[in-house]
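Here are the chains, one letter per residue:
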Amino acid sequence: MDDDGLLSIGALARRTGLTVKAIRYYSDTGLVPFTDRTAAGYRRYGAEALARLELVRTLRELGLGLDAVRRVLEREESLAEVARAHAGAIDLRIRTLRRQRAVLRAVAEHGTDSEETALMHRLVRLSAEERRRLIEEFVDDTFGTADANPELVAALRAAVPELPEDPSTEQLTAWAELAELTADQDFRAALRRMAAYQAEQRAEGDTTGLHHELTERVREVVGAALAAGTAPGTPAADAAVAGLTARYAEVFGRPDDAALRGWILRRLEVAADPRAERYWALLARINGWPAPPGLAPVFAWFAAALRAAG
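Every value quoted in this text rests on a predicted model; they were computed, and no experiment measured them.

A. The arrangement of the overall build of the protein chain in detail. Scanning the protein chain from terminus to terminus reveals 15 helices and 3 strands. Dimensions of the protein chain, computed from the C-alpha atoms along their principal axes, are close to 115 × 40 × 30 Å. Buried positions account for 37% of the 310 residues belonging to the protein chain. Per element, the accessible surface of the protein chain, about 17,000 Å² overall, is 54% carbon and sulfur.

Have a look at this one:
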């Protein structure tokens with residue numbers, strides 16, 4: 001430092017840890033103007049230049065571009081405003097990197113081919129709003145085509161895949177499978193048939209809802225029969241069926257007769273597509289929900305026992 005308190009560019013470099021070349025560049029672009037020149041023409045810098053240069057170095061190390069640094073130094077924007085915007089950009093970059101990492105991990109762990117990798121990469125980039133629209137379009141094209149059970153339609157619309165910022169391999173592969181499933185035209189056709197059946201039942205006066213308690217009762221009774229190795233057509237199976245048909249008769253206000261058993265069997269057959277159960281299982285995996293109980297074996301046994309009981 002000279003007697004007048006000014007620093008040469010070399011001294012400034014030593015004080016800040018920056019190179020002379022970098023300081024000269026910042027000086028040439030006006031970010032850190034020099035205060036004076038020596039008789040030989042060398043630049044000299046004052047305390048303000050030192051403070052500005054320290055700020056420039058800090059902001060550059062934090063990743064801010066020169067334009068943002070200039071706006072702060074020229075007081076066109078406050079440091080808080082620039083920092084807020086830059087932090088938001090970093091957050092976005094972090095989210096992007098996490099999801100890219102998830103795709104690469106899935107490829108490494110599952111050995112997906114190039115087409116599957118491209119699909120996962122495309123899907124992981126969808127925003128929450130885009131995922132919501134994907135599900136809405138799926139529901140509109142399936143259960144939205146008829147006057148289906150409104151409770152089920154509402155549940156389908158509300159169950160949007162919420163992929164976390166740092167998804168696990170299982171969540172990512174589940175999301176890829178779910179997206180493919182919603183695009184499966186055969187699956188969509190099956191759901192439209194389910195919707196049409198529900199509309200038919202509603203037209204006949206059935207507005208009784210989703211019947212979670214009845215489904216749970218079927219699961220308990222049939223689950224016990226399966227655990228005991230009870231085969232359809234045996235006296236024990238017939239007794240289980242009789243208990244369940246009595247419960248159906250009570251819930252739906254129908255006589256417990258052969259017509260009711262035929263009606264129950266049709267309901268089971270319409271809802272028998274295993275892809276519907278897979279849809280909810282994938283959603284649960286993506287969203288971190290408890291895995292739903294598997295009902296396909298339960299309903300298959302119940303349908304077989306109904307047929308055997310005559």
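B. Looking closely at the pattern of salt bridges. A full pass over the atoms with the stated rule returns 22 salt bridges. Residue Arg-307 is joined to Glu-269 by a salt bridge in which the shortest nitrogen-to-oxygen separation is 3.1 Å. Residue Arg-307 is found in helix α15 (residues 296-309), and its partner Glu-269 is found in helix α13 (residues 258-270); the two are separated by 38 residues along the sequence. For Glu-269, a relative accessible area of 42% corresponds to the partly exposed category. Linked by salt bridges that have partners in common, Glu-129, Arg-132, Arg-133 and Glu-136 make up one network.

C. How the structure looks around the packing of helix α12 (residues 235-252) against α15. Contact pair α12 / α15: the axes reach a minimum separation of 10 Å and the direction vectors enclose 100°. The angle between α12 and α15 falls in the class roughly perpendicular. From α12, Ala-237, Asp-238, Ala-240, Val-241, Leu-244, Thr-245 and Tyr-248 reach across to α15, where they touch Trp-301, Phe-302, Ala-305, Leu-306 and Ala-309. Partitioning the contact of α12 with α15 into residue classes produces 10 nonpolar, 1 polar and 1 charged.

D. The arrangement of helix α10 (residues 185-203) in detail. With 19 residues, α10 should cover 27 Å at 1.5 Å per step; its first-to-last C-alpha distance of 27 Å lies within 8% of that length. Burial in α10 covers these residues: Phe-187, Arg-188, Ala-190, Leu-191, Met-194, Ala-195, Tyr-197, Gln-198, Ala-199 and Gln-201. In this structure, the buried side of α10 is in contact with α7 (128-141), α8 (150-158), α9 (169-183), α13 and α14 (274-287). Its side-chain oxygen placed 2.9 Å from the backbone nitrogen of Asp-186, Asp-184 serves as the N-cap of α10. Phi turns positive one or two residues past the end of α10, at Gly-205, with a value near 105°.

E. Region of the structure containing the layout of surface pockets. There is about 1,600 Å³ of room inside the largest pocket. The wall of the largest pocket is formed by 50 residues, among which Leu-152, Thr-215, Ala-271, Leu-295 and Phe-299 lie closest to the centre. Breaking the lining of the largest pocket down by element, the ones donating at least two residues are α8, α10, α11 (212-227), α13, α14 and α15. For the lining of the largest pocket, the leading source of residues is α10, giving 7 residues. Classifying every residue of the lining of the largest pocket by side-chain character gives 31 nonpolar, 9 polar and 10 charged.

F. Here's a closer look at the packing of aromatic side chains. Evaluated as defined, the whole model comprises 7 aromatic pairs. With centroids separated by 6.1 Å and ring planes inclined at 25°, the aromatic side chains of Phe-138 and Phe-187 adopt a geometry described as stacked. One end of the pair, Phe-138, is in helix α7; the other, Phe-187, is in helix α10, and 49 residues separate them in sequence. With a centroid separation of 5.4 Å and an interplanar angle of 25°, the aromatic rings of Phe-138 and Tyr-279 are classed as stacked. One end of the pair, Phe-138, is in helix α7; the other, Tyr-279, is in helix α14, with 141 residues separating them in the sequence. Tyr-279 carries the same exposure label as Phe-138, and that label is buried. Taken together, the aromatic side chains of Phe-138, Phe-187, Tyr-279 and Trp-280 make up a single cluster linked through ring pairs. Over the face of the ring belonging to Phe-34 we find Arg-37, whose NZ or CZ atom lies 4.6 Å from the ring centre. Positioned above the aromatic ring of Trp-263, the side-chain terminus of Arg-254 is 4.1 Å from the ring centre.

G. How the structure looks around α15. Given a rise of 1.5 Å per residue, 14 residues ought to cover 20 Å, and the 20 Å separating the end C-alpha atoms of α15 matches this to within 8%. Three or more residues of α15 are buried, namely Val-298, Trp-301, Phe-302, Ala-303, Ala-305 and Leu-306. On the buried face of α15, the contacting elements are α11, α12 and α13. Positive backbone phi, at 75°, marks Gly-310, one or two positions downstream of α15.

H. Structural detail: the packing of α7 against α10. The contact between α7 and α10 brings their axes to 9 Å, and the two run at 55°. Taken together, the axes of α7 and α10 lie oblique to each other. Contact with α7, carried on its side by Glu-137, Phe-138 and Asp-141, involves Phe-187, Arg-188, Leu-191 and Arg-192 of α10 and no other residues of that element. Broken down by class, the residue content of the contact of α7 with α10 amounts to 3 nonpolar, no polar and 4 charged.

Thresholds, definitions, all that
Residues numbered from 1 in each chain as written. Predicted model: local features only at pLDDT ≥ 70, side-chain atom pairs only at ≥ 80, totals over all residues. Heavy atoms only, no water. Helix = DSSP H or I, 4+ residues; strand = E, 2+ residues; numbered from the N terminus. Buried < 20%, exposed > 50% of the residue type's maximum accessible area, 1.4 Å probe, protein only. Areas by Shrake-Rupley, 256 points an atom, 1.4 Å probe, with all protein chains shown as cover. Salt bridge = Lys/Arg side-chain N within 4 Å of Asp/Glu carboxyl O. Axes fitted to C-alpha atoms, helices over the stretch in contact; angles between N-to-C directions. Parallel < 35°, antiparallel > 145°, perpendicular 65-115°, else oblique. Contact = heavy atoms within 4.5 Å. Nonpolar A, V, L, I, M, F, W, Y, C, P; charged D, E, K, R; others polar. Expected span 1.5 Å × (residues − 1). Polar contact = N/O pair within 3.5 Å; in protein donor to acceptor, adjacent residues only side chain to side chain. 1 Å grid on protein atoms, 1.4 Å probe; cavity = no way out; pocket = protein on both sides within 12 Å on 5 of 7 lines; lining within 4 Å. Points joined across faces, edges and corners; volume = space filled by probe spheres on them. Phe/Tyr/Trp six-rings, centres within 6.5 Å; stacked < 30°, edge-to-face > 60°. Lys NZ or Arg CZ within 6 Å of the ring centre and 35° of its normal.

Read these as geometric descriptors, not functional statements.
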